[in-house]
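Here's the letter readout for the chains.
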Amino acid sequence: MKKFVLIIVLIILVVLGGFFYYRYYFVFGRGTKAGELNFFVEKGYIWKTYEGRLIQSGFKPQTLGGVQSNEFQFSVTDEKVAQLLMGSSGKLLELHYREHLGALPWRGYSNFIVDSVISVTDPKTGERKTSF
């Protein structure tokens, strides 16, 4: 009877571990987004995380006569990427991200984790930097 209970407990732990991995660590998608960096901050009560918002402009409005604007909210876990983004507010960026199915408090508030910056373009001068 003890052996049976132990096997059931182990199966439950493996299933819960697999669910936790799938929900919070499995990379559901990867991609790039481009737009103007609206803001980038470090915030949090217990875990300080980096959070940002990229404004993507579009031309297909939902209402006639308007311009559509999309926001891409993201988190950053890499300190080097965060320091680069701290000085890039108002610039045009291309970001590479990973999408997870759930957010963890020590990883950030968003399911989208930016892991690298592809390019930074200054809209005033047109200067583009791509080597980071």
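Per an unreviewed UniProt entry, the recorded name for the protein is 6-phosphogluconate dehydrogenase, and the organism is Chitinophaga caseinilytica.

**Remarks on the side chain of S88**
Tracing the backbone shows S88 in the loop between α2 (79-86) and β4 (92-100). Here S88 falls in the buried class, since its relative accessible area comes to 3%. Among the polar contacts listed, one links the side chain of S88 to the backbone oxygen of L84, at a separation of 2.8 Å. Ignoring any residue separated from it by four or fewer positions in sequence, one finds S88 in contact with L37, L93 and V120.

**Quick look at the nonpolar core**
In this structure, F40, F74, V76, L85, L95 and V114 are the most contacted members of the largest nonpolar core, which totals 16 residues. Mapped onto this core, the elements with two or more residues apiece are β1 (27-43), β2 (49-57), β3 (69-76), α2, β4 and β5 (112-121). Residues within four places of F74 in sequence aside, it is in contact with L37, F40, Y50, E51, G52, R53, L54, L85, L95, S110, F112 and V114.

**Examining the UniProt feature "transmembrane region" (unreviewed entry) in the protein**
The positions that UniProt labels "transmembrane region" (unreviewed entry) are, in the present scheme, residues 6-24. The span residues 6-24 carries 100% helix and 0% strand; its end-to-end C-alpha distance comes to 27 Å.

**What about the pairing of β5?**
Pairing analysis gives 8 bridges linking β4 to β5, with the strands arranged antiparallel. Its bridge partner being in β5, L93 is matched across the sheet by V120. If you look at the hairpin formed by β5 and strand β6 (residues 128-129), you'll find 6 residues sitting between the two strands, and G126 has a positive phi there, around 80°.

**Details of the pattern of salt bridges**
Within the structure shown, the criterion is met by 3 salt bridges. Of the charged contacts, one joins E71 and R53 as a salt bridge, the two residues approaching to 3.5 Å between their closest N and O atoms. Of this pair, E71 sits in strand β3 while R53 sits in strand β2, placing them 18 residues apart in sequence. Salt-bridge contacts for R128 lead to E94; the nearest nitrogen and oxygen are separated by 2.8 Å.

**Focus on the packing of aromatic side chains**
One pass over the full model with this rule turns up 10 aromatic pairs. Between F20 and Y24 the ring centres are 5.0 Å apart and the planes differ by 50°, which places this aromatic pair in the tilted class. Of the two residues, F20 and Y24 both sit in helix α1 (residues 2-24), 4 residues apart, roughly one turn of that helix. The exposure class of Y24 is partly exposed, given its relative accessible area of 21%. Plain terms: the ring middles of F20 and Y25 are 6.1 Å apart, the flat faces sit at 55° to each other, and that makes the pair tilted. Residue class for F20 comes out partly exposed when judged on its relative accessible area of 37%. Among the residues examined, Y25 registers a relative accessible area of 37% and is labelled partly exposed. The rings of F40, Y50, F72, F74, Y97 and F112 are connected pair by pair, giving a single aromatic cluster. In this structure, R23 packs its charged tip against the face of Y24, placed 5.9 Å from the ring centre.

**Quick notes on the side chain of R98**
The residue R98 is located in strand β4 in this model. If near-sequence neighbours (up to four positions away) are discounted, R98 is found in contact with V27, G29, R30, N111, F112, I113 and D115.

Conventions we followed
Residues numbered from 1 in each chain as written. Predicted model: local features only at pLDDT ≥ 70, side-chain atom pairs only at ≥ 80, totals over all residues. Heavy atoms only, no water. Helix = DSSP H or I, 4+ residues; strand = E, 2+ residues; numbered from the N terminus. Buried < 20%, exposed > 50% of the residue type's maximum accessible area, 1.4 Å probe, protein only. Polar contact = N/O pair within 3.5 Å; in protein donor to acceptor, adjacent residues only side chain to side chain. Contact = heavy atoms within 4.5 Å. Core = buried A, V, L, I, M, F, W, Y, C linked by side-chain atoms within 4.5 Å. UniProt positions renumbered as here; feature names shortened; annotations may be inferred. Pairing = 2+ DSSP bridges. Salt bridge = Lys/Arg side-chain N within 4 Å of Asp/Glu carboxyl O. Phe/Tyr/Trp six-rings, centres within 6.5 Å; stacked < 30°, edge-to-face > 60°. Lys NZ or Arg CZ within 6 Å of the ring centre and 35° of its normal.

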